[in-house]
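Coordinate analysis (summary)
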Amino acid sequence: MRLIFTTGEYVYAGRPRPGFPMILGDDMVPAQPFHGYLHHHLLGRGKALDIKTWEAYGRRLWDFARFLHANDLHWDQPFESYGTSVVR
């Protein structure tokens, strides 16, 4: 997985969006659902969040995606050991 930031050539809703974070899978295709979440949260809610926050959102989501990928986990699968919890 890779985290990249777009250049001014990346256009969304008719406007250039340089610096937008993109999480790419091993095949260099935007990794879902992470890419979709970034689009929705940073650009698609009617008003784009401040560009200064884009990198922070991208890096934190990328850390989570890399953890899942490294441990062969899927974001939408429940815990396999029922009755266990991270809270004791």
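Residues numbered from 1 in each chain as written. Predicted model: local features only at pLDDT ≥ 70, side-chain atom pairs only at ≥ 80, totals over all residues. Heavy atoms only, no water.

A look at the packing of aromatic side chains
Under the defined criterion, the tally for this structure stands at three aromatic pairs. Aromatic side chains Tyr 10 and Phe 20 sit 5.8 Å apart centroid to centroid with 15° between the ring planes, which places their arrangement in the stacked category. Pair noted here: Tyr 10 is in the loop between strand E1 (2-5) and strand E2 (11-12) and Phe 20 is in the loop between strand E3 (15-16) and strand E4 (21-24), with a separation of ten residues, a long-range link. Here Phe 20 and Trp 54 contribute two aromatic rings whose centre-to-centre distance is 5.6 Å and whose plane-to-plane angle is 80°, an arrangement assigned as edge-to-face. Here Phe 20 is found in the loop between E3 and E4, whereas its partner Trp 54 is found in helix H2 (residues 51-70), with 34 residues between them in sequence. Like Phe 20, the residue Trp 54 is buried in the burial classification. (Phe/Tyr/Trp six-rings, centres within 6.5 Å; stacked < 30°, edge-to-face > 60°. Helix = DSSP H or I, 4+ residues; strand = E, 2+ residues; numbered from the N terminus. Buried < 20%, exposed > 50% of the residue type's maximum accessible area, 1.4 Å probe, protein only.)

Focus on unusual backbone geometry
Across the junction of Gln 32 and Pro 33, the peptide omega takes the value 10°, indicating a cis bond. Summarising the element assignment, Pro 33 is placed in the loop between E4 and helix H1 (34-43). Despite not being glycine, Ala 13 shows a phi value in the positive range, around 55°. Along the polypeptide, Ala 13 turns up in the loop between E2 and E3. The phi torsion at Met 28 lies on the positive side, around 65°, for a residue other than glycine.

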